[in-house]
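Descriptive structure summary
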Amino acid sequence: MTRRTVTVILTLFLAVSAYPQKNELVERTFNWGFELGCGTTGMYMHKVGIGGYDASDNYSRQSGIGYMFSTFGRANMGKFYIQTGFSLFNDRTSISFPYREPQSDMDMTGSFSVEGIYFQVPLMVGFNIVKQHPYSFSVFAGPRFSTPWASECKAYYSGFGNSRVSENLNRINFSLTAGVCCSISNVLMDFGFDYGLTKQSDGTVSPGFYNPQQMPVIMDRCTGTLYFSIGLLL
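Since we're looking at a predicted model, the values are computed, not measured.

**So, a nonpolar patch on the surface**
- On the surface, Phe86, Leu88, Val121, Phe145, Ile172, Phe174, Leu176, Phe193, Tyr195, Leu197 and Leu226 cluster together into a nonpolar patch covering about 960 Å² of accessible area.
- Residue assignment for the nonpolar patch shows that the elements contributing at least two residues are β4 (80-100), β9 (173-184) and β10 (187-196).
- With respect to the element layout, Leu197 can be found in the loop between β10 and β11 (201-206).
- Taking the relative accessible area as the measure of exposure, Leu197 reaches 49% and is therefore partly exposed.

See below:
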């Protein structure tokens, strides 16, 4: 765990500890809240290739740790609730794969990494399996829409001089999220997995180096994120 991750988590715990807890969490028709957390993201490749060499069945995934912040509103309907809001997620992940150098029999290893910030809007439906003051335990699922902050999204390809590359990111991404939420009084803890149902980009990376006309780079992918967050319900 990095020093930045520890700092974020400790800051949130201090904020939660300093918040004046009520003796009883009043049931409301509508609540709002905020959460801070972190997530580990992996790339799921539909196609990986350089030139005519296809490594789609032979790549290694390296997950990176990103950070998230969200604000949300929750409409309560008995044991059910509907929750939506706005969040920022810092995404970072990479893959490595073998390929064959053109016009030779030399086996090489390449890597492709991306990092960026995404704006996200989830729409979750939850069901409280346990709802007895001061505890609750619920499951939730629903769609999540995200759009990249284009100027903060970068892609790198290592293998041809560690050059930076670019690609055409899709403006809107759609994913499905499922998870569990535990709460003690006003304090929430979410554990979830978010799987991308649409592609992150058009899949074609513009190398800008090493004769791109002969060596097109294909990175056709979606992502999956396992995340944890902690926050307050107000």
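Text resumes after the structure shown.
**Some remarks on the pairing of strand β7 (residues 154-158)**
- The alternating pattern of β7 places Ala155 and Tyr157 on a buried face, while none of Lys154, Tyr156 and Ser158, on the opposite face, is buried.
- Examined bridge by bridge, strand β5 (residues 107-132) and β7 share 5 bridges and lie antiparallel to one another. Across the sheet, the residue bridging to Ser113 is Tyr156, located in β7.

**Observations concerning the nonpolar core**
- Of all hydrophobic cores here, the largest spans 15 residues; its most connected members are Met43, Met45, Val48, Ile95, Phe97, Phe112 and Met219.
- Those elements giving two or more residues to this core turn out to be β1 (30-50), β4, β5, β7 and β12 (217-233).
- Of all the elements, β1 adds the most residues to this core, at 4 residues.
- Every residue in contact with Phe97, bar those within four places of it in the chain, is listed here: Val48, Ile50, Ala55, Asn58, Tyr59, Met108, Thr109, Gly110, Ser111, Phe112, Tyr157 and Met219.
- Counting 10 residues, the second largest nonpolar core, distinct from the first, contains Met68, Met124, Leu188 and Leu233.

Conventions and cut-offs
Residues numbered from 1 in each chain as written. Predicted model: local features only at pLDDT ≥ 70, side-chain atom pairs only at ≥ 80, totals over all residues. Heavy atoms only, no water. Patch = residues over 30% accessible without salt bridge, like charges linked within 9 Å, V, L, I, M, F, W, Y side chains within 5 Å. Areas by Shrake-Rupley, 256 points an atom, 1.4 Å probe, with all protein chains shown as cover. Salt bridge = Lys/Arg side-chain N within 4 Å of Asp/Glu carboxyl O. Helix = DSSP H or I, 4+ residues; strand = E, 2+ residues; numbered from the N terminus. Buried < 20%, exposed > 50% of the residue type's maximum accessible area, 1.4 Å probe, protein only. Pairing = 2+ DSSP bridges. Core = buried A, V, L, I, M, F, W, Y, C linked by side-chain atoms within 4.5 Å. Contact = heavy atoms within 4.5 Å.

Spatial relationships are all this shows, so hold off on functional conclusions.
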